[in-house]
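# A structural walkthrough
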Amino acid sequence: MNRAYLDKLFTVVLAGVLAGLALAAAALPAALVFGLGVKNLMPYTALPEALKTPQPAQRSNLYANDGRTLITSFYVEDRVDVPVAEVAPVMRDAIVAAEDVRFYEHHGVDVRGVARAFTANRREGTRQGASTLTMQYVRNALAGDPRLTEEQRAAATEITVGRKIREMRYALTLERQVGKDEILGRYLNIAYFGAGAYGIAAASKRYFSTTPERLTLAQAALLAGLVRSPADDPINGDADAAVQRRAYVLDRMVETGRVNVADAEAAKATELVLKPNTTPNDCAAVPADHNDWGFFCDWFTQWWNAQPAFGENVDERQRTLRRGGWKIVSSLDPDVQAKASEQVREIYPETIARAAPTAVVQPGTGRVLAMAVNRTYGTAANPAGQQNFPNTVNQLVAGGGGITGYQAGSTFKLFALLAALESGLPLDTEFDAPRVYVTQYPVGAGPASCGGRWCPENANTYWMDGDRDMWDAFGRSVNTYFAWLTERVGADRVVEMAQRLGIVFRAPADARMAREGAKSWGPFTLGVSATTPLDLAGAYAAVAAEGTWCRPTPVTSITDPAGRTVAAGNTDCRQVLDTEVARAAADASRCPVGDQSMYRRCDGGTAEELAPGLRRPVAGKTGSSERNATETVVAFTPQLSVATIAANPDDPRDAVGGGVQKRQIAAVGRILAWSLRDEPVRDFVPPGQAVAFQHTSPRTGN
């Protein structure tokens, strides 16, 4: 359409616009009609971003690590864009017949339709509109642009003359720059079809459990009819009205020559058969038979909310997630998750108030393969005083949201071991460990206080006391040896080592002590600080990866709707230990679990039954907090790290007792065996003789 033609028809067009707004033309002053001027109907020279590069809200999908198994989706509008070529021709024809029969003849503004609407509205007092399919798309695109504020989106749909004029000018410009089929495709992707389905892909799935390219004539006509009247959707609304709208669309398709009479009549006679299919939304909607995925999903949302790449604050990041159309391939391995959940329930069934949160982490990447706990993920009511039993959505495995974690006992001796090795002490550093060792560290009154000084004692005098080196002191978990070792290297260096390997102090008292009193925090070595299985598995994974610590991550990749990979999904790894230090620590860590060090120096361990059952090189550590309030087991190979903590999240006074540790050891061994069943057997790289037997300057090489 050229400019001269528009000039001649300006008065009719504008009057039709006003009629389409359901404003009585006779009630409008003539000055308003003619005072706007012809220039107001000329196309814009530039389009807003919402029309140049449309970004309608799309659902984001979270998949397991195979990229196919859907964990859940996140959305405010259930929509996934599809190319117009992947929409069945009958659907394209049906929407044109229903909404704009002259779509392929006009240039964005249908003058003939405007004149018809103006005449009808003036003579009959009706509210017949004149919006073309292109104009409808413009309105929807502006109203749904996630880059706009709520106020800007509201302005795009306000009932005013100015808004209608804007729509017409944008429509004229859009059709100069974009082809008809592209506009039709955009319209089909943005239209609302009722029942929570936005766009043709979601609608095809919602009503018929199919895809847009497989829609039949009867299905296409029904969906096309819902655009004008989404409240009549046949799932929640008026099925009879929807069928009547289907007949209307079919008649229009016959009138326009898009379908012959016989096919239209056959489609009208087709019984309405729905196959409703809902799209899960958020973590509470994980598949019912995989309820245990909910805890991983919940941790994923915590992770997402902490990523600056997705917004300046949590609210912005959530909007980005729920409107951005991301494909998120997570690190969750369904097979490993299933085995971990099974074994956690061997430690404690779901009927027990005590919990056994467990994490499985991949060394060298930080990818979390499983997060399991003997709880139901959900918000159903619990007995009085039981916030987390048997139902919870609290993060018992990873911490956060009020969960500070649990004491992990002697597993923290790893950090004293690493700090000592890094300071230049070798693995064969000897000390005649007494039953009780009085340190320089001040403590309050308690069983481990000797005149106000921290004085830990060994749990088993016969088995632990005496001349020890790092290998058998770590294997037998000799408290007094590690209290002495902590004094030699400095408690603050032990605390710093833990932080370097990803231990987060979530409890305010722990955070304050780490910040202000680390030099005097000798008991830290024996695991008095709260931690989580995820932090612990990640720390030991750094030793397994020869000193490379990777921030635990729930994702393998993130791609935007255009298929572009987002950097936020990359692993975050860094070398935090000298390689020889890490190798030496791994060598000593073979002693607790019944394996043998490269130098044949292991002599007893607290979990000696683990290695024989696994039949591959393995390392790890056990830990018991005071009075056996909690029990912890960590085990790792070069390919996998597993940590589990037995505790009562609702009652720290409920001591779980030492007996549970046997079940933990067996469970961790079975998780490792199952997860690595198809993986090659890999051994740890032996440490050099210098780190094993020689005092050196600090070892901070790489």
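Data block above holds the structure.
Below or above, wherever it landed, is the structure these notes cover. (Residues numbered from 1 in each chain as written. Predicted model: local features only at pLDDT ≥ 70, side-chain atom pairs only at ≥ 80, totals over all residues. Heavy atoms only, no water.)

## Description of the sheet that holds strand β15 (residues 555-559)
- Across the sheet, four strands lie side by side as β2-β1-β3-β15; this open sheet has mixed pairing. Each having just a single partner strand, β2 (70-74) and β15 make up the two edges of the open sheet. Each strand of the sheet is rotated relative to its neighbour by a mean of 15°, with strand direction disregarded.
- Of the strand pairs in this sheet, strand β3 (residues 327-330) and β15 are connected by four bridges, and their pairing is antiparallel. Bridged to Ser330 within β15 is Val555. (Pairing = 2+ DSSP bridges. Helix = DSSP H or I, 4+ residues; strand = E, 2+ residues; numbered from the N terminus. Axes fitted to C-alpha atoms, helices over the stretch in contact; angles between N-to-C directions.)

## So, the environment of Asp650
- The topology assignment puts Asp650 in the loop between β19 (641-646) and α27 (660-675).
- Separated by 264 residues in the primary sequence, Asp650 and Gln386 place their C-alpha atoms 6.2 Å from one another.
- For Asp650, the residues in contact, after removing those within four places along its chain, are Gly385, Gln386, Gln387, Asn388 and Phe389.
- At 2.9 Å, the side chain of Asp650 and the side chain of Asn388 are in polar contact. (Contact = heavy atoms within 4.5 Å. Polar contact = N/O pair within 3.5 Å; in protein donor to acceptor, adjacent residues only side chain to side chain.)

## With respect to the state of the cysteines
- Enumeration according to the criterion identifies four disulfides in this entry.
- Paired by a disulfide, Cys283 and Cys297 hold their sulfur atoms 2.1 Å apart. With the S-S dihedral at roughly -80°, the linkage between Cys283 and Cys297 falls on the left-handed side. Of this pair, Cys283 sits in the loop between α14 (261-269) and α15 (293-305) while Cys297 sits in helix α15, and the two are 14 residues apart along the sequence.
- Judged by relative accessible area, Cys297 falls into the buried class, the value being 0%.
- Taken in N- to C-terminal order, the disulfide-linked cysteines of the protein chain are connected 1-2, 3-4, 5-6, 7-8. (Disulfide = S-S within 2.5 Å. Buried < 20%, exposed > 50% of the residue type's maximum accessible area, 1.4 Å probe, protein only.)

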